Amino acid sequence: MSPNIPVIAIDGPSASGKGTVASRVALTLGFHYLDSGALYRLTALASRQKGIPVLEQAQQYEQDIAECAAKLDVRFEGELIFLQEEDVSLAIRDEQTSREASRVAALGAVRAALLQRQREFLQAPGLVTDGRDMATVVFPDANLKVFLTASAEERALRRYKQLIGKGFTANMVDLLKDICERDERDASREHAPLVQDSRAGLLDTTYLSADAAVAEVLRRYQIVSSHDCV
Ligand code: DC
């Protein structure tokens, strides 16, 4: 890893608002941004496109899915994400891909295939990244570590609004069930489970606006960077 390039690692459960907060913090600081969840979503989509039954038999196809992860032909362009030059920015956010991403993310070979790729996003002047294991595994030396969360009901509501806003149909009861199941799977899996790193400060956004959460992360970053305590 590059010790002189600052990293802000934001981890937390599904739909906690990490993406919104992390991308806005990156924009404010002029840093690069890595949405690590997108890589797992892209792996799920690429695997499905190859005919691999990701949802039903992810484990049996671990090596094939890991190969898809290693060979991902992906390009990030602002808010757009291209897989083999096809704009999949919306497709990777639908509920099927969300469920599949959670399955592929549980596979050790897939996580190993994506590790170096994530670290390559660390470029000057700095990186803000969000996911589940940014602070614990991918960037353990991050200058600032934040564990961002919100109640399951609030997260289901946010996802509901997000999906409706993007023109998808959505159902609150199903979303809440899905979020709880995904939390359980992300937290109990063997490889890189979702846990709060011992050096990560908690940020509960249940009653916090996105603006306030962004301001709080920037405030924490200012404290650690002004005291140079890496
Ligand atoms: O953050 P997200 O909802 O876009 O993530 C999609 C899936 O990928 C989710 O099930 C958790 C998983 N994931 C992971 O295991 N590790 C990461 N660093 C990021 C996401």
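Residues numbered from 1 in each chain as written. Predicted model: local features only at pLDDT ≥ 70, side-chain atom pairs only at ≥ 80, totals over all residues. Heavy atoms only, no water.

A. Layout of the environment of Val 110. For Val 110, the position within the fold is in helix H6 (residues 108-119). Val 110 sits 65 residues away from Leu 45 along the chain, and the two C-alpha atoms are 13 Å apart. Once you skip the residues sitting within four places of it in the chain, Val 110 turns out to touch Tyr 40, Thr 43, Glu 62, Ile 65, Ala 66, Ala 69 and Val 104. (Helix = DSSP H or I, 4+ residues; strand = E, 2+ residues; numbered from the N terminus. Contact = heavy atoms within 4.5 Å.)

B. Focus on the site of the ligand. As a structural note, the neighbourhood of the ligand is formed by 15 residues, with Arg 41, Arg 111, Arg 132, Asp 133 and Arg 189 the closest of them. The contact in question runs from a nitrogen atom of the ligand to an N or O atom on the side chain of Ser 36, over 2.9 Å. Taking Arg 132, its side chain carries an N or O atom lying 2.9 Å from an oxygen atom of the ligand. Protein burial of the ligand: of its 450 Å² of free accessible surface, 97% is covered by the chains. With four residues, the single largest contributor to the shell around the ligand is helix H2 (residues 36-49). Broken down by class, the residue content of the shell around the ligand amounts to four nonpolar, four polar and seven charged. (Near = heavy atom within 4 Å. Polar contact = N/O pair within 3.5 Å; in protein donor to acceptor, adjacent residues only side chain to side chain. Areas by Shrake-Rupley, 256 points an atom, 1.4 Å probe, with all protein chains shown as cover. Nonpolar A, V, L, I, M, F, W, Y, C, P; charged D, E, K, R; others polar.)

C. Structural context of unusual backbone geometry. A cis geometry characterises the amide bond from Ala 124 onward to Pro 125, with omega recorded as 10°. Assignment of secondary structure puts Pro 125 in the loop between H6 and strand S6 (127-131). One non-glycine residue, Gln 84, lies in positive phi territory at about 45°. Examined against the element boundaries, Gln 84 turns out to sit in the loop between strand S4 (80-83) and strand S5 (86-87). Under the relative-accessibility criterion, Gln 84 is labelled exposed at 56%. Here Ala 192, not a glycine, exhibits a phi torsion of approximately 45°, which is positive. With respect to the secondary-structure elements, Ala 192 resides in the loop between helix H9 (172-188) and strand S8 (201-204). (Buried < 20%, exposed > 50% of the residue type's maximum accessible area, 1.4 Å probe, protein only.)

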